[in-house]
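For reference, the chains in residue letters:
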Amino acid sequence: MSSENLPQSPERAESPEQQRRKPRVAVVFGGRSSEHGISVVTAGAVMKAIDRTKYDVLPIGITADGRWALTADEPERMAITDRQVPDVDLLTGAAEGSVVLSVDPGSREVVYTEPGAVPKALGEVDVVFPVLHGPYGEDGTLQGLLELSGVPYVGAGVLASAVGQDKEYMKRVFISFGLPVGPYEVVRPREWDNDPTAARKRIVDFAGEHGWPLFIKPARGGSSMGITKVDGIEGLDEAIEEARRHDPKFLVESLLRGREIECGVLEFEDGPRASVPAEIPPVTAHDFYDFEAKYIDSATGLVPAPLTEEQTAEVQRLAVAAFDAVSCEGLVRADFFLTEDGTFVINEINTLPGFTPISMYPRMWQETGVSYPELVDRLIQAALTRSTGLR
């Protein structure tokens, strides 16, 4: 079938009211994953940065049990306080109402309903800025809903979001495109449920080939949650249990000795470009760069990374290659190891990386010349000009 015969998104004629008003940005955050609290923190930072002279903002929080709720536009309440992350329930208080987004691509109407009350229309949404980390948001599920609704959104599409969330298939795509990947094993739910002894033996054999320590991690998690560094067989079962608490499928990775390097990718009008890279120095207070080191203790990275010009160019090339391999859109943070023999190995990408002003992705772009508010605006503008559907 030729491209001109492919189905296109329906044309939507703008009413005079739509032409006069500012674009409305729905910031959707929270969600059902274990990264709920960090998503709320990210949303607060994004909402602060959105230029209110250019956009209207509609905050929509998704509770831990999946209810879409209308929250107050109060980003100052969405920060980490006393080492505790916020949640959507605290922002909604006792309100029991829910928000519904139409799945009719001819309408982008948002409706608010309360028990026993007449539903209220909140107007149309022009673009969604999803800041949900992890499953049920970053993994293509929300993106699929928005495609059905015909609402443009920031970031990767359905396929790229799903691949970017699942570390197994992410690595498989990288390998197929010739990108360097470290040794790993995958244990799927059925394997572990049917014969945990055989699955455990496979992990021990992997350690025999590549050495201890190993990293046991959820296949579809993020923010370093559920990851355990295992120094020997005595800690293996506990690490597997912790990973499976977040995801029934888990990965086993060998320790790659070297420096941790990150690089941001941002889509411009002429295609994706890479930021200056950053380095995550060894975290002495933690066993590795885990959740507490990232978000609670605010471990600081080196921006830009102290690399040679050749190393910088190579990691930037690989970051853009990873972006293209997964068919990403909008933004990506690519994480690498610079091994002791001087080669880069890609660990993973994040299609919705940590996005507070102190997070590595915005810091890398700040150093590259794109401020945090400019970064937020660029992502919104790119989404507004991008159609839904096949593209």
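We now turn to the structure provided with this report. Keep in mind the model is a prediction, meaning the values are calculated, not measured. (Residues numbered from 1 in each chain as written. Predicted model: local features only at pLDDT ≥ 70, side-chain atom pairs only at ≥ 80, totals over all residues. Heavy atoms only, no water.)

### Here's the deal with the environment of glycine 354
Turning to step 1, where the next piece is worked out: One can find glycine 354 in the loop between strand E16 (344–350) and helix H12 (360–368).
Turning to step 2, where the next piece is worked out: Of the residues examined, glycine 354 reaches a relative accessible area of 11% and is grouped as buried.
Turning to step 3, where the next piece is worked out: As for glycine 354 and glutamine 165, which are separated by 189 residues in sequence, their C-alpha atoms are 14 Å apart. (Helix = DSSP H or I, 4+ residues; strand = E, 2+ residues; numbered from the N terminus. Buried < 20%, exposed > 50% of the residue type's maximum accessible area, 1.4 Å probe, protein only.)

### A look at the packing of helix H5 (residues 158–165) against helix H6 (residues 167–176)
Turning to step 1, where the next piece is worked out: Between H5 and H6, the least distance of the axes is 5 Å, while the angle of their chain directions is 105 degrees. In terms of axis orientation, H5 runs roughly perpendicular to H6. Together, Val163, Gly164 and Gln165 of H5 and Lys167, Tyr169, Met170 and Val173 of H6 make up the contact between the two elements.
Turning to step 2, where the next piece is worked out: By residue class, the composition of the contact of H5 with H6 is 4 nonpolar, 2 polar and 1 charged. (Axes fitted to C-alpha atoms, helices over the stretch in contact; angles between N-to-C directions. Parallel < 35°, antiparallel > 145°, perpendicular 65-115°, else oblique. Contact = heavy atoms within 4.5 Å. Nonpolar A, V, L, I, M, F, W, Y, C, P; charged D, E, K, R; others polar.)

### Quick word on the packing of aromatic side chains
Turning to step 1, where the next piece is worked out: This structure, assessed with the given rule, holds 6 aromatic pairs.
Turning to step 2, where the next piece is worked out: Put simply, the rings of Phe129, Phe355, Tyr361 and Tyr372 touch in pairs and so form one group of aromatic residues.
Turning to step 3, where the next piece is worked out: The residue whose ring lies beneath lysine 171 is tyrosine 184, and the NZ or CZ to ring-centre distance is 5.5 Å.
Turning to step 4, where the next piece is worked out: Of note, arginine 273 hangs over the ring of phenylalanine 268, and the distance from its end group to the ring centre comes to 4.0 Å. (Phe/Tyr/Trp six-rings, centres within 6.5 Å; stacked < 30°, edge-to-face > 60°. Lys NZ or Arg CZ within 6 Å of the ring centre and 35° of its normal.)

### Brief notes about the pairing of strand E6 (residues 120–124)
Turning to step 1, where the next piece is worked out: Across 3 bridges, the pairing between strand E5 (residues 109–113) and E6 is antiparallel. From the neighbouring strand, glutamate 109 faces E6, where its bridge partner is glutamate 124.
Turning to step 2, where the next piece is worked out: In this antiparallel pair of consecutive strands, E5 and E6, the connection spans 6 residues, and glycine 116 shows a positive phi of 75 degrees. (Pairing = 2+ DSSP bridges.)

### Structural notes on the sheet that holds strand E3 (residues 68–70)
Turning to step 1, where the next piece is worked out: Taken in spatial order, the 4 strands line up as E3-E2-E1-E7 in an open sheet, and their pairing is mixed. Each edge of the sheet is formed by a strand with only one pairing partner; in this case those strands are E3 and strand E7 (127–130). Taking each pair of neighbouring strands and ignoring which way they run, the sheet shows an average axis angle of 30 degrees.
Turning to step 2, where the next piece is worked out: Pairing geometry for strand E1 (residues 24–30) and E7, over 4 bridges, is parallel. If you follow valine 25 over to E7, its bridge partner there is valine 127.

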